[in-house]
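# Report on the structure
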Amino acid sequence: MIKPIVFLSSLLAFSSHGFTIQSPLSSPAMSAKSSRTCLDVQSTNDQTESRRGFFVASSAATLGLVNLVLGAPQEALASGGATAGKYTTIPIAKRRYYGRVQQAVHEFLAMGPAIVKGDMNDPQIQLFFDVNGVVVVPAKRKDINGQCTKKNGECKGQEIRDSRWNDMKASMYLLGNAFRINQTKAPDNLPTVKAAKAFFKEIDELEKAVKAKKPKTMDKVAIGHYAKGLEILDVYLDLVELPPTDSGHYDQEFDTLVGESARIT
C-alpha cells in the first residue's frame, strides 16, 4: 500500500507544477480530457493549500494566545492576589471590622485602672468577659409591610449577645486576615494574625483569672497578662493601620455597625 501512495503523491506534486503525464496511446480528445483533469486537480490543490494555510495560521494564533496566558503564571497570580488584597479585601474588611475592633480597644483600655488594682471582682472587668454583656447582633423586626403575620404576635426578633472579649477576638482575626498580598498564604502565617493570636493567648489567661470560682482581689499574674497583652495589641494595631493605644484615639466610643467607608472614625 505504501508504493501506490508514494506514486500518487508524486503525481499530485508534478500536477501542481503544471506537468502532465500522457500515455503513448492517448488521442487529442483524451489529451484534452487529461488537461481538464489536471486543471481540476490543480484547482483542488490550490483550495487544499488555501485551507491548510488558514488552518496553520489559526493554529499558530491559538497557540500564541495559550503561550501568552501560560507563559507568565507568576505575574498573573501576583497581580490578581495583590489587587484583590489592596483594592477589595482590605477596604471591605475595614468597613466591616474597624468599628468593632476600635470599640473593643476602647473598653479594653477603660478597664485598665481596675486591672492595675488587681481585683478581678471589679464589675467593669467582669462585664468585659460576660457572655451576655454585649448585643452583638440587634434584634430585627420580622413584620411584612408593617404588619405582624406571626400567630403569637411576636415579630420583634431575637438579639444575639456575647462578651466584648469574644467579639474582639472574632473581629481582630477577620480584620487581620484581610491584610495579605496574595490569596495563597495561610492565615496563620500572616503577621497580623500572628500578632492577634499572641494577644489572644495573654488575655485568655486573664479571662481564666476573672472567671475563676473565687477571683482574687490582688492577682499579680493577671496584671502581668494584661500588661503583655497591651504591648502586643500596639503591634497589631500598627499592622492593621490603626492608631496606637496611647494616642488618645480610643477615649471615645465607636459605632460597631458596618461603616460606609474604610476610614478611621
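The coordinates are above.
This text gives an overview of the structure that appears in the document. (Residues numbered from 1 in each chain as written. Predicted model: local features only at pLDDT ≥ 70, side-chain atom pairs only at ≥ 80, totals over all residues. Heavy atoms only, no water.)

## A short note on the overall build of the protein chain
Heads up, the condition is: Working definition: helices are DSSP H or I runs of at least four residues, strands are E runs of at least two. Numbering for both runs from the N terminus. Two residues form a contact once any of their heavy atoms are found within 4.5 Å. Here the open area of atoms and residues is found with the Shrake-Rupley method and a 1.4 Å probe, where only the protein chains shown may cover a residue.
Tallying secondary structure elements over the protein chain gives 8 helices and 2 strands in all. In sequence order, the secondary structure elements of the protein chain are arranged as α-α-α-α-α-β-β-α-α-α. Here the contacts in the protein chain between residues at least 6 apart in sequence split such that 70% fall between residues at least 24 apart. A total of about 17,500 Å² of accessible surface is found on the protein chain, and carbon and sulfur atoms cover 59% of it.

## A look at the packing of helix α7 (residues 191-210) against helix α8 (residues 220-239)
The condition that has to hold: Between the N-to-C directions of two axes lies an angle of 0 to 180 degrees, each axis being a line fitted to C-alpha atoms and, for a helix, fitted only over the stretch in contact. Any angle between 65 and 115 degrees counts as roughly perpendicular, while under 35 counts as roughly parallel, over 145 as roughly antiparallel, and the rest as oblique. Helix crossings get a hand from a simple test, with the near helix turned counterclockwise from the far one by less than a right angle marking a left-handed crossing and a clockwise turn marking a right-handed one. When residues are grouped by polarity, Ala, Val, Leu, Ile, Met, Phe, Trp, Tyr, Cys and Pro land in nonpolar, Asp, Glu, Lys and Arg in charged, and all others, Gly among them, in polar.
Viewed as axis vectors pointing N to C, α7 and α8 meet at an angle of 160°, and their least axial separation amounts to 8 Å. As judged from the angle between their axes, α7 and α8 are roughly antiparallel. The way α7 lies across α8 gives a crossing that is left-handed. For the pair α7 and α8, contact is made by P191, T192, A195, A196, A198, F199, E202, I203, E205, L206 and A209 and by A222, H225, Y226, K228, G229, I232, L233, V235, Y236 and L239, respectively. Partitioned by chemical class, the residues of the contact of α7 with α8 number 15 nonpolar, 3 polar and 3 charged.

## Concerning the packing of aromatic side chains
Stated precisely, the cut-off is as follows: A pair of aromatic rings is counted whenever rings of Phe, Tyr or Trp (Trp by its six-membered ring) have centres within 6.5 Å, and the orientation is called stacked for planes under 30 degrees apart, edge-to-face for over 60 and tilted otherwise. Partly exposed describes any residue whose relative accessible area lies between the buried limit of under 20% and the exposed limit of over 50%, with all areas from a 1.4 Å probe on protein chains only and scaled to the type maximum.
Scanning the entire structure with this criterion turns up 10 aromatic pairs. Where F128 meets W165, the ring centres are 6.4 Å apart and the plane angle is 35°; that geometry is what we call tilted. Here the residue F128 occupies a position in helix α5 (residues 123-128), and W165 occupies one in helix α6 (residues 164-178), the gap between them amounting to 37 residues. Judged by relative accessible area, which is 0%, W165 ranks as buried. With 6.2 Å between their ring centres and 55° between their planes, Y250 and F254 make a pair best called tilted. Considered together, Y250 and F254 belong to a single accessibility category, that of buried residues. Joined through ring pairs, the aromatic side chains of F108, F128, F129, W165, F199, F200 and Y226 make up one cluster.

## Some details on the side chain of R100
To keep it simple, the criterion reads: Within 3.5 Å is the distance limit for a polar contact, defined as a pair of N or O atoms, with the added protein rule that one can donate a hydrogen and the other accept it, and that residues adjacent in sequence qualify only through two side-chain atoms.
Along the chain, the position of R100 falls in helix α3 (residues 73-110). Judged by its relative accessible area of 18%, R100 is buried. There is a polar contact of 2.7 Å between the side chain of R100 and the side chain of D167. Ignoring sequence-local partners within four residues, the contact set of R100 consists of D167, A170, S171 and T256.

## Topic: unusual backbone geometry
A positive phi angle, near 65°, is found at E241, a position not held by glycine. Mapping E241 onto the fold places it in the segment after α8.

## What to know about the nonpolar core
Using the following cut-off: We call a set of buried residues a nonpolar core when its members are Ala, Val, Leu, Ile, Met, Phe, Trp, Tyr or Cys and they connect through side-chain atoms within 4.5 Å of each other.
Formed by 38 residues in total, the largest nonpolar core has its most connected members in M168 and L206. Looking at this core, the elements with two or more residues in it are α3, α4 (112-117), α5, α6, α7 and α8.

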